[in-house]
Structure formats: C-alpha cells, structure tokens
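Below, each chain spelled out in residue letters.
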Amino acid sequence: MSSTTNQTKRSRKAVEREQGMSRIPGSPSRRFWVYLIPGLLMLLWIIVIPAVWNIYLSFTNYRGIKPPVWAGLTNWARLVKDHTFWVSFMNSIWMILAMVIIPILVGLVLSSLLFDVVQKKFGPRTASTMRALYYFPQLLPIAVASLVMGWILRPENGALNALLKTIGLGDLQHDWLGKPDTALIFLMLIMIWIQIGYPLVIFMSGLQRVDPELYEAASLDGANWWQRFRAITLPSIKPEIFVVALTCTIAALKVFGPVQMLTRGGPGTSTTVPSYYSYKQFFQSQQVGYGAAIATALTIVIVIVSIAFTNLQEKVAKEDEE
C-alpha cells in the first residue's frame, strides 16, 4: 500500500514539474509550437515571400523603377532561345565536376588514408593536423580565397608566372584567367582547392563510428588498403556520401562568389554561370523580369536535383536494410 502511495506522489511531482517547465497553456505536445513562431516568421519573410515575388517578376517586364508590367511567358520564351543561358548551364556541369565529383573521389581516398593508414602509423594528432590543413581553404571567406588565387594567377606579376620565369619556363607564361582556353580550367582548379576539405572532414567524421576491429580483422586476413577501402570504408559512409553529394551539387549550381571576384563571367561567356548571369540581368542590364526568370529556372533545377538525391538515398537505404 505504501509503495503505491509513493508511486502516486512521485507521478504527481513529475506532472507538477512538467507543468512548471513552461507557463504557456496547453498540452505538452502542443505548447512548444509557440517557440517555432519566430523562426517560421523569419522563414516567411526572408525565403517564402521573396521567392513568390521572384516567380511573379519572371512573368513581367520590370526594370526596377516603374511598376512591373505583366508579360506572360515572354521571358520564359526568351530563356529557351538564349544561347548564353544554355552556355551558363553547361559551365555549371563543369562546376559540378570541380565541386562535387573530384572532391568526393579525392576526399574518399584521403579520408580513408588518414583514418586507416596515417592515424595508425603516426597517431591521431598527425591525422588531425593534416585534416585541418586540407580543411583550411573552407575557413577562408570566399572573397579572400579568390583574391589570393587571383594574385597567384595574375598575368603581369602573378606568382605562377614569376615561378615559371624563374625556373626557365618563361615561354609558358599565360593570362590564366583572362584567356578562353584556360579561364574555366583554372576556375575549376580553384574550386577544387576550396572544396576538397569539406568532404574529407565529413567522411572522417563518418568513419569515427566504424569499429576499428573490422579493419584489424581485415588486415589479419591479408586484405590490403584498397580491399579494406572497398569492403569497409565505402559501405560504412554511404549516408555521408549522399549528404556531401547533395550539398556540393547545390553549391555548384548556385556558385557566384569566385566568378564575380575572378572572371566576371569572362572572357566572353567562358566562365558565366546561371547565378552570375541572373545577377547581370538584375543589376547591369536592369532587366529584372528576365533575371527573375533565370533565377526561377535555377531554383527549379535545384529542387529537382534535391528530390532526386533524396529519393535515391532512401532507395539505397532500403536496399541495404533488405
């Protein structure tokens, strides 16, 4: 009887303590929605309303001064026939190669080497130091990183041309970011340098949950590094690979800062990407309606890519569970 009474008292105290946690009336399962209101209002004000306004502007003629005039599908019909727009999307594919595919492949190899080889032979401190060095470009503001690389690749007195001249290869000096044959290639190299630390850190974080005994058992069975990489590392960090692939693809599609800082989309349209092309229409050509159509088209592509990645990840996860 006494035990039942004690349990009743404890349950009452628990209820009183729960009720005292918040003065907001209502059931515990509903009262916490109140705390979401500021975030929802900011989402509405910063994301939803501008997005809806941008979609509306894509169907208008608007130069930013007089009120917008409804134009129907004029901007979208122009978009379909715009050669520069399609060139910019082709350049985005090259950005995906530079910011997604190459960093993921290199990040997988480097993370596996740091975790499975360097950490074992030289200790976790050495592995952490090397990981931090690879991640350092991610910590730099994009403007600073672009200025540094612009100084290195400057045609007159850049570090790269000065180095070539010093070692007797002055004939190879070039305007690396100012010529159509090399501008996109070196912009891609810069993006690889900036991006490579992100997948490396994410993959090493994922490897932390892998049981080290798996690697030890595989080593005792005679498996070399490549065999351990295929049999243990890759299957263990599939979720991280999908996350990195999605976030990096979105970043590649909407890349803007390095293009603005280094090439301004040139020479010609060799480094123009959709986000920069939209920016030019907004602020240089003052064709706000057409710039909004470009931005809306880019948003649609990003949404489609996000849905495709999410569905693929769920499919792979179900197959692994089965």
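Residues numbered from 1 in each chain as written. Predicted model: local features only at pLDDT ≥ 70, side-chain atom pairs only at ≥ 80, totals over all residues. Heavy atoms only, no water.

The next subject is the overall build of the chain. Looking only at helices and strands, the chain has 16 helices and two strands in total. A compact globule built from 322 residues would reach a C-alpha radius of gyration of about 20 Å, whereas the chain, at 27 Å, exceeds it by more than 25%. The dimensions of the chain, computed from C-alpha atoms along their principal axes, are 95 × 65 × 40 Å. Split into buried and exposed, the 322 residues of the chain put 37% on the buried side. Considering only contacts in the chain between residues 6 or more positions apart, those separated by 24 or more positions represent 65%. Charge separation in the chain, taken as the distance between the mean sites of 28 positive and 18 negative side-chain charges, equals 12 Å. (Helix = DSSP H or I, 4+ residues; strand = E, 2+ residues; numbered from the N terminus. Rg over C-alpha atoms; globule rule 2.2 N^0.38 Å. Buried < 20%, exposed > 50% of the residue type's maximum accessible area, 1.4 Å probe, protein only. Contact = heavy atoms within 4.5 Å. Lys, Arg positive; Asp, Glu negative; His and termini not counted. Charge placed at Lys NZ, Arg CZ, Asp CG, Glu CD.)

Before going further, it helps to spend a moment on unusual backbone geometry. The linkage connecting glycine 266 with the following residue, proline 267, adopts the cis geometry, with an omega of -5 degrees. Along the polypeptide, proline 267 turns up in the loop between α14 (257-263) and α15 (274-283). At arginine 264, a residue that is not glycine, the phi angle is positive and equals roughly 55 degrees. Along the chain, the position of arginine 264 falls in the loop between α14 and α15. The class for arginine 264 is exposed, based on a relative accessible area of 52%.

What follows is about the pattern of salt bridges. Tallied over the entire structure, the rule returns three salt bridges. The partner of glutamate 240 in a salt bridge is arginine 209, with the nearest N and O atoms 2.5 Å apart. One end of the pair, glutamate 240, is in helix α13 (residues 238-253); the other, arginine 209, is in the loop between α10 (197-207) and α11 (212-220), and 31 residues separate them in sequence. The exposure class of glutamate 240 is buried, given its relative accessible area of 13%. Each of Asp116, Lys120 and Arg228 takes part in salt bridges that share partners, so that together they form one network. (Salt bridge = Lys/Arg side-chain N within 4 Å of Asp/Glu carboxyl O.)

The subject of this paragraph is α10. Across the eleven residues of α10, eight count as buried, placing the element largely inside the fold. Looking only at α10, the buried set comprises Gly197, Tyr198, Pro199, Leu200, Phe203, Met204, Gly206 and Leu207. Those residues of α10 that are buried lie in contact with α5 (83-122), α6 (124-139), α9 (183-195), α11, α12 (225-236) and α13.

All right, on to the packing of helix α4 (residues 74-81) against helix α16 (residues 288-321) then. Two elements in contact, α4 and α16, have axes whose closest approach is 9 Å; the angle formed by their N-to-C orientations is 70 degrees. The angle between the axes of α4 and α16 places the two elements in the roughly perpendicular class. When you trace α4 past α16, the crossing you get is right-handed. Here α4 contributes Asn75, Trp76, Arg78 and Leu79 to the contact with α16, which in turn contributes Gly289, Tyr290, Ala293, Ile294, Thr296, Ala297 and Ile300. A class-by-class count of the residues in the contact of α4 with α16 yields seven nonpolar, three polar and one charged. (Axes fitted to C-alpha atoms, helices over the stretch in contact; angles between N-to-C directions. Parallel < 35°, antiparallel > 145°, perpendicular 65-115°, else oblique. Left-handed = near helix turned anticlockwise from the far one by under 90°. Nonpolar A, V, L, I, M, F, W, Y, C, P; charged D, E, K, R; others polar.)

On average, the chain scores 87 in pLDDT, and the residues at 70 or more come to 90%. By mean pLDDT, helix α1 (residues 2-20) is the weakest element of the chain at 54, and α4 is the strongest at 95. (pLDDT = per-residue confidence, 0-100.)

Let's shift gears to the packing of aromatic side chains. A ring pair, where both rings are aromatic, is described by two values, the distance of the centres and the angle of the planes. Evaluation of the coordinates by the stated rule reveals 17 aromatic pairs. Ring centres of tyrosine 276 and tyrosine 279 lie 5.8 Å apart, and the angle between their planes is 35 degrees; on these two criteria the pair is classed as tilted. Of the two residues, tyrosine 276 and tyrosine 279 are both situated in helix α15; the distance of three residues between them amounts to about one turn of the helix. For tyrosine 276, a relative accessible area of 2% gives the class buried. (Phe/Tyr/Trp six-rings, centres within 6.5 Å; stacked < 30°, edge-to-face > 60°.)

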